[in-house]
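# Architecture at a glance
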Amino acid sequence: MASSHAANLWVLLGLGLAGILLMTKKLKKNIREDFGAFIEKLQLLPPPQPAPPKAPHPLTALTFAVSDVFDIEGYVTGFGHPDWARTHEAASRTAPVVSTLIEGGATCVGKTVVDELAYGINGTNKHYGTPTNPESHSRVPGGSSSGAAVAVAAKLVDFSLGVDTVGGVRVPAAFCGVMGFRPSHGAVSQMGIIPVSTSLDTVGWFARDPNVLRRVGHVLLQLPFSVQRSPRQIILADDCFELLKIPTDRVDRVVVKSTEKLFGRQVLKHENLGDYFNSKVPSLKGFHKTNGELKSSSIRMLANVMRLLQRHEFKHNHEQWINSVKPTLDPAVSAQIHEMLEMDDAELENCKSIRSEMRSAINFLLKDDGLLVIPTTGYLPPKLGGKELLSEDYQNCSFTLSSIASISGCCQVTVPLGQYDKCPISVSFIARHGGDRFLMDTVKSMYASLQEQAGIVASSKPSFNAISREQSAEIAKEKGNQAFKDKQWQKAIGFYTEAIKLIGNNATYYSNRAAAHLEQGSFLQAEADCTKAISHDKKNVKAYLRRGTAREMLGYYKEAIEDFSYALVLEPTNKRAAQSADRLRKMFM
């Protein structure tokens, strides 16, 4: 009996394990098959090849998919929401951009998932399911063109189309480890595409291969032949790299090494975009709707301008439908759309001025042969359902980086750089408005070198990790101190930033970085760093003194006096605190 009972247990256990293995295989099979990328499969075939000696179609043998915002004759365009699909008729004609690709020799195989009403940047959709990120299954794929990015990353198609408003192509390209191109605003026809925010919308495309990315670009942009040019300057936006939540050398060092190898060290430049925009985009000073942040840096303010424009134009386009149909919306989308923050005519005109000044500023900075380098996103792709998705810092960081190209209308490309912590990482290059060919050509010529350098930097990391994070942070801090003594302020900021990324709760690192920002005249950044330092150490006298100095320079005299006075309470013999407080009281009180 005992042996029979044992045998039965083994049989049951065997069946259970077999069931688990079967379910696992089935799950893997489903993921491998389409990763949840498609809303609808279809097939639109290209015309026959021309007879020799004529050249074959430029996109011959390539397959592609389109996001569910592009019209295809005979199919309902769903806009990421079943209520939209239910209340709209099938399209009577195919969007010209899709027809152009088919006529160019490519085969369209389906429509892909977008965020609800194509409004988000995370790639989630409760109605149709969130596409699985092929590079990291537990992470979001990024949006709004999530399915299009996933289809390319999973090698289901050679390229795909999406719409980029506030990062809708650039962010999912970064999160899924593929290339994503946002062309100059107005360069590609928007006909037959559901608008999100007309002044920000662009048709973008994804590809794994820079040659394919470029071939698609040449067809869509109808570019004439021209001689390829090498960049004369590649500018790293240092304050944008400070937003990265991973060690910056995994991104900026890759670009630096690749640039030095291909074009020479003299091509590299550094820029603090916040300071540059402060001087070149004067209309930003007239923009006050900053969600309570009256002391926002210029690049963070750009993000606020972009989001306000997005909401204003989206409501203008779709408010009537929302009010009549009353669709069930994701709470985050609903809150954004219904937020009571209206724009009057003067504010709208100011936003248009900001957009015009931004384009001129970027064009002046880069001219015909320059590229701006920024991180595509500050964060690794957040976990599905994670708190990070709703965090204010994640939202602000993401929109700050995407606003530069969205507001200026300049072109931008996301380039993957391998992985960090088992998640894709990337970098972005921006060219002036109309510099699309130059951008695609340069990225094509740099791509192999960037991948090589990304591999070298990634493989050199174990020796770096052989010492503790604390030791590494202290080494970075000491390097920052030396650079500060040598009056290399931007270099010092870079080292202090590296220390902060390793140990994010050390008040000294923030306070030291603030000192370097003060030397550069970056008073908003200095004030923010001091506030962070004080949050970690309420007795940090230097942080109060430096914040007082920053606030005095910004014209916040009452707050500056309070800082100097509090430093004096902590250190009654501090002459600098006493003299500064007395001087300001006599002048302004």
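About the criteria used
Residues numbered from 1 in each chain as written. Predicted model: local features only at pLDDT ≥ 70, side-chain atom pairs only at ≥ 80, totals over all residues. Heavy atoms only, no water. Helix = DSSP H or I, 4+ residues; strand = E, 2+ residues; numbered from the N terminus. Buried < 20%, exposed > 50% of the residue type's maximum accessible area, 1.4 Å probe, protein only. Contact = heavy atoms within 4.5 Å. Lys, Arg positive; Asp, Glu negative; His and termini not counted. Charge placed at Lys NZ, Arg CZ, Asp CG, Glu CD. Pairing = 2+ DSSP bridges.

Let us look at the overall build of the protein. Check the secondary structure of the protein and you find 22 helices and eleven strands. Seen through its C-alpha atoms, the protein measures out along the principal axes to roughly 85 × 80 × 55 Å. Within the protein, the proportion of its 589 residues that are buried is 54%. Of the contacts made within the protein by residues no fewer than 6 positions apart, 73% connect residues no fewer than 24 positions apart. Of the charged side chains in the protein, 68 are positive and 59 negative, and the gap between their average positions amounts to 5 Å.

With an omega dihedral of 10°, the bond running from Pro52 to Pro53 counts as a cis peptide bond. Tracing the backbone through its elements, the reader meets Pro53 in the loop between strand S1 (38-44) and strand S2 (63-67). At the junction of Gly143 and Ser144, the peptide bond is cis and its omega measures out at 10° in the coordinates. Tracing the backbone through its elements, the reader meets Ser144 in the loop between strand S3 (107-112) and helix H4 (146-153). A positive phi angle is found at Leu117, which is not glycine, with a value near 55°.

This paragraph deals with the pairing of strand S7 (residues 233-237). Buried residues dominate S7, accounting for five of its five residues. Taking every second residue as pointing to the same face, both faces of S7 are buried, with Gln233, Ile235 and Ala237 on one and Ile234 and Leu236 on the other. When S7 meets strand S9 (residues 370-374), the two strands line up parallel, connected through four bridges. Counted as the bridge partner of Gln233 is Gly370 from S9. Taken together, the four bridges between S7 and strand S8 (residues 268-271) define a ladder with parallel strand orientation. Considered in S8, the bridge of Ala237 is made with Glu271.

Secondary-structure assignment places His517 in helix H18 (residues 507-520). Looking at His517, the relative accessible area reads 1%, which means it is buried. Each residue touching His517, except ones within four places of it in the same chain, is listed here: Glu242, Ile493, Ser522, Gln525, Ala526 and Asp529.

Distances and angles like these do not, on their own, reveal function.
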